[in-house]
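Residues per chain are reported as follows:
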Amino acid sequence: MPFRFFREYIPFADVFSAPILLPLEKSNQPQYIEVVLPIALPKPYTYHVPLEFQTRIQYGIRVEVQFGKSKRYAAIVVSTGMASPEYKTKAIIDVIDDTPVITRLQYAFWQWMSEYYCCTIGDVMNAALPAAMKLSSETSVYLIHPPEEDDLIELSAHTRTVIEALSHRTELTLDEIRKLLAIQSVLPVIHLLYARGYIAVKEELIDIYKPKIEKYIRLAPHFRNDDKAMHEALDLTLRSEKQTQALLHLFRLTRSTPEVLQKTVIHAAEIDTNVIKALEKKGILEVVSREENRIELDEDEPTPEIMLNPDQEQACERIRNIWTEKHVVLLHGVTGSGKTWVYKKLLQEAQQRGQQTLYLLPEIALTVQVVQRLRRIFGNQIVIAHSALSNNERVDLWKRVMEGAPFILGVRSSVFLPFKDLGVIVVDEEHDSSFKQADPAPRYHGRDAAIYLATLCDARVLLGSATPSIETFFNAKLGKYGFVEMRTRYLDVRMPDMHLVDLRKHRLAKNSQFSQVLVDGIKKTLDAHQQVIIFKNRRGYAPLVRCQLCGWHAMCDQCDVSMTYHKFNNNLHCHLCGSQRPVPVQCPACGSTDIILEGHGTQKIEDELKVIFPDARVARLDYDSTRSKFSYQKIIDDFERQAVDILVGTQMVTKGLDFDHVGLVGVVHADQQLYFPHFRALERTFQLLVQVSGRAGRKETAGNVIVQTYNPSHAVFADVGFNDYLSFYNREIAEREHWAYPPFVHLIKITVKHPDRHVVRQAAGELAKRLRLRITRGVLGPAEPRIGKVRNQYIMNLGLKIGRVTGRSSQMKAIVLEEITTLKRQKGMTTVRVNVDVDPG
């Protein structure tokens, strides 16, 4: 049975000029369709439809096609009724779906993303669809839940053959299954086995996840609602006490519902499945297997009314008024002002109007605390979407959203979901760099993509942040976005007091990251039975392993970066490619054993705190401490219930977490990002410091922030101390305008990669020369980046600055793509990789 989806939904017909495409009528004339494949192809491809499939073809369904000599893919139909092309076309092999899996609106969104972010439509399709909907001839399948004998009888000969083969083999590729069955079209067979929960694709084996298949029991028609027939059924079970017991429980359970879960009857009657099978053979009851979505919703659950304070109510009213004229509103509220309550109120109102809502967060880590608080209001109406879901869970999620799930909470990839009637999108912490996709393509920005999606859906967008990105605030100042401000904290709690510690005067103790001022502050806070957060934006134990005799230091073999020592497994780690190796006993260069660890990461700071404060309970929140599925939630829960006194963390502790008992936030090295060679360095430093400072002083008392720096006179620290975003913005926007950086220009970053340093330099130079012939101004580079090799690929960067003139950006992007194609056709350049990043983070 192929996947079943609801019919496509188009919120308003005039968005697209083309008419709604109905299934093709059967005709003796050749019929042609265009399909999109989930590979990096620049355009849809045309196939013709054999006579037997013509009445089943419609927009948005998947069909099995052959691409190249032997590869087969599940492609999506994006156009029907095409004119006959001038070239010979291949026929589609089979039709996979009965109803569309994407809507016309979704495909329009894909097309925009492909054009704006300079990638192929296949790249977008590959990112958007769940893996289980993109099967290709190279896909391997595994047996995870063998059917019972009775179920096996119901299957076709082909499906039984596949089950039998998988019971003797670890895995089979689709090509191997095709040869085994001696037929060309195997995807319908695979989808039937997948839908029943018998098999999983290769990627799913890691999670050992399978679709939720439940068995239901109901009385056979002859025995329903007839006392005489019920007595007849009991007579048939006289010889078996267990069968009689099961039947009596079934009579009782089916009074209020025609069918009940098999496991409910088994549990209530204290029997096993053999008793159920015996009753089924006697014709007394029927057993029905049904796939159920593991993402349960309770749409009828009443939601309590959200009560706001006067500031929050005023903000809501202003947002509602602006939304009547503009699609997008920026809510600029200081940390702790209660922005989340404003989000909840507006989302609840949208749901009461029958619309779907999307709440976007920068990363999975934030969902733990946010979900707990949203469930208090919206109960089980919330569907959670993020990149950690297994492939099968993604299909369940896809179907739930297409059915109209009212509240979707997710990360940037949630913009690809098939919304039925999207009304409101909230982008929380809109400034966060995690909204920008780095690799692979499409390299999109979740915030900007959400804004365009809202335009297609005629939805409204609320961008929220205490430290808005420069571009967003610029658009608000221009009047492109609406603007609402919340200047006071909830319950009028004072902003935290910030103290700068000049490390040139208050020198650290030898091999310590803590000044005496910070140590005294921590002690005072702990004595007051309050909690402490220590921020250090470098994970690991020591970022440098060096030989004191000759100066050698441990470098990654595949990347131009030093390796970081991690104490938990006593290994050196590369934070770019993930490679590991043991710490050398002797220096590889000179043979000396005088090898030392330099620098401090979160692991080392955690150890030092345990020595300084032996009675304190210390925990660490970083990438290494949250690798297991529930570790992040446990750390947050422990800190929230005050089972942890000091929490050491990286950027994870800055991202919107809300704790009631934090009296002090300590920033160990505030200069770390200040001098990073990037035009956003000051902006990110300001945002990080304001966000981490905002974790202090919730509820009744103001908190304290101690910032250790070697440059306390820098203007950014004064802006953070006074929480003066406007002062920071005015200075930063003047710099951006002077040096021609966003928001005054569009930036395009072009990255050229190759295993040979000479080839990559030659390719980058040739590409820059060709671009300068067609684009007279704004081409930058080529230049080798700060990290010139990653994963054995040498790197050269080019940049393009484009003035904000209508239509110019599209023209420049087209030129860039043309010249990249020309470059890769040249001799010796075919293996060069060129990535285009529009609006780089």
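Scroll up for the structure.
This text gives an overview of the structure that appears in the document. Keep in mind it's a predicted model, so treat the numbers as computed, not measured. (Residues numbered from 1 in each chain as written. Predicted model: local features only at pLDDT ≥ 70, side-chain atom pairs only at ≥ 80, totals over all residues. Heavy atoms only, no water.)

## Quick notes on the pairing of strand β34 (residues 833-838)
Where burial is concerned, most of β34 is hidden: five out of the six residues are buried. Here strand β30 (residues 745-754) runs beside β34; their pairing, made up of six bridges, is antiparallel. In the sheet register, Lys753 faces β34, and the bridge partner there is Arg833. (Buried < 20%, exposed > 50% of the residue type's maximum accessible area, 1.4 Å probe, protein only. Helix = DSSP H or I, 4+ residues; strand = E, 2+ residues; numbered from the N terminus. Pairing = 2+ DSSP bridges.)

## Quick notes on unusual backbone geometry
At the junction of Asp439 and Pro440, the peptide bond is cis and its omega measures out at -5° in the coordinates. Take Pro440: it is sitting in the loop between β16 (422-428) and α15 (446-457). Here the amide bond leading from Pro742 into Pro743 is cis, since omega sits at 15°, within 30 degrees of zero. Counting through the fold element by element, Pro743 comes out in the loop between α22 (725-739) and β30.

## Details of a negative patch on the surface
Residues Glu149, Asp150, Glu154 and Glu280 make up a contiguous surface patch of negative charge. Per-element accounting of the negative patch gives the leading share, three residues, to helix α3 (residues 149-154). Secondary-structure assignment places Glu149 in helix α3. Judged by relative accessible area, which is 68%, Glu149 ranks as exposed. (Patch = residues over 30% accessible without salt bridge, like charges linked within 9 Å, V, L, I, M, F, W, Y side chains within 5 Å. Areas by Shrake-Rupley, 256 points an atom, 1.4 Å probe, with all protein chains shown as cover. Salt bridge = Lys/Arg side-chain N within 4 Å of Asp/Glu carboxyl O. Lys, Arg positive; Asp, Glu negative; His and termini not counted. Charge placed at Lys NZ, Arg CZ, Asp CG, Glu CD.)

## A word on the packing of helix α8 (residues 241-253) against helix α9 (residues 262-269)
The angle between the axes and the distance between the axes are what describe a pair of packed helices. Here α8 crosses α9 at 125°, and the two axes come no closer than 9 Å. Judged on the interaxial angle alone, α9 and α8 are oblique. For the pair α8 and α9, the crossing hand works out as right-handed. Contact with α8, carried on its side by Gln245, Ala246, His249, Leu250, Arg252 and Leu253, involves Thr264, Val265, Ala268 and Ala269 of α9 and no other residues of that element. (Axes fitted to C-alpha atoms, helices over the stretch in contact; angles between N-to-C directions. Parallel < 35°, antiparallel > 145°, perpendicular 65-115°, else oblique. Left-handed = near helix turned anticlockwise from the far one by under 90°. Contact = heavy atoms within 4.5 Å.)

## Notes on helix α19 (residues 631-640)
Within α19 the residues assigned to the buried category are Ser631, Tyr632, Ile635, Ile636, Asp638 and Phe639. Down the axis of α19, the smallest arc covering the buried residues is 160°, so these residues share one side. Note on α19: the residue one or two positions beyond its end, Gln642, has a positive phi of about 65°. (Arc of directions from axis to C-beta.)

## Topic: the nonpolar core
Burial of nonpolar side chains together is a common tendency in soluble globular proteins. Formed by 142 residues in total, the largest nonpolar core has its most connected members in Phe109, Trp110 and Ile425. Those residues within four positions of Phe109 in sequence are excluded, and the remaining contacts are Val415, Phe416, Ala449, Tyr452, Leu453 and Leu456. In terms of nonpolar packing, the next biggest core, distinct from the first, is built from 29 residues, Cys316, Tyr343, Ile382 and Phe407 among them. (Core = buried A, V, L, I, M, F, W, Y, C linked by side-chain atoms within 4.5 Å.)

## Some details on the packing of aromatic side chains
Counted under the stated rule, the structure contains 21 aromatic pairs. Geometrically, the ring pair formed by Phe473 and Tyr729 is edge-to-face, given 4.7 Å between the ring centres and 65° between the ring planes. Taken together, the residues span a long stretch of sequence, with Phe473 in helix α16 (residues 470-478) and Tyr729 in helix α22 at a distance of 256 residues. With a relative accessible area of 4%, Tyr729 lands in the buried category. Residue placement shows Arg104 over the ring face of Tyr59; its charged tip is 4.6 Å from the ring centre. (Phe/Tyr/Trp six-rings, centres within 6.5 Å; stacked < 30°, edge-to-face > 60°. Lys NZ or Arg CZ within 6 Å of the ring centre and 35° of its normal.)

## A short note on the side chain of Asn571
Structurally, Asn571 can be placed in strand β23 (residues 571-573). For Asn571, the residues in contact, after removing those within four places along its chain, are Thr564, Tyr565, His566, Gln580, Arg581, Pro582 and Val583.

## Overview of the side chain of Gln243
Along the polypeptide, Gln243 turns up in helix α8. With a relative accessible area of 11%, Gln243 lands in the buried category. If near-sequence neighbours (up to four positions away) are discounted, Gln243 is found in contact with Thr237, Val275, Ala278, Leu279 and Lys282.

## A short note on the packing of helix α4 (residues 157-168) against helix α5 (residues 174-181)
One way to put it is that α4 packs onto α5 with a least axis distance of 11 Å and a crossing angle of 120°. Classed by the angle they form, the pair α4 and α5 counts as oblique. Of the two elements, α4 crosses α5, and the hand of that crossing is right-handed. Within the contact between the two elements, α4 uses His158, Thr161, Val162 and Ala165 and α5 uses Ile177, Leu180 and Leu181.

## A look at the pattern of salt bridges
Evaluated as defined, the whole model comprises 35 salt bridges. Of the charged contacts, one joins Glu471 and Arg680 as a salt bridge, the two residues approaching to 2.9 Å between their closest N and O atoms. Of this pair, Glu471 sits in helix α16 while Arg680 sits in the loop between β28 (662-667) and α20 (681-693), placing them 209 residues apart in sequence. Per residue, the accessibility class of Glu471 equals that of Arg680, and both read buried. In this structure, Arg774 engages Glu819 in a salt bridge whose closest nitrogen and oxygen atoms are separated by 2.9 Å. Placement of Arg774 in helix α23 (residues 757-774) and of Glu819 in helix α24 (residues 808-825) is noted, with a sequence separation of 45 residues between them. With relative accessibility at 4%, the residue Glu819 sits in the buried group. Salt bridges sharing common partners tie together Glu471, Arg680, Glu683, Glu732 and Arg736.

## Examining the sheet that holds strand β27 (residues 646-649)
Pairing is parallel in the open sheet, where six strands are placed in the order β19-β29-β28-β20-β27-β26. Where the open sheet ends on each side, the last strands, each with one partner, are β19 (497-502) and β26 (618-621). Between one strand axis and the next, the sheet turns by 20° as a mean value, whatever way the strands run. Relative to β28, strand β20 (residues 531-535) runs parallel, the two sharing five bridges. Within β28, the position partnered with Val532 by the bridge is Leu664. Here helix α18 (residues 602-612) sits on the sheet in contact with β20, β26 and β27, set at roughly 170° to β26. Relative to the sheet, α19 contacts β20, β26, β27 and β28, its axis offset from that of β26 by approximately 135°.

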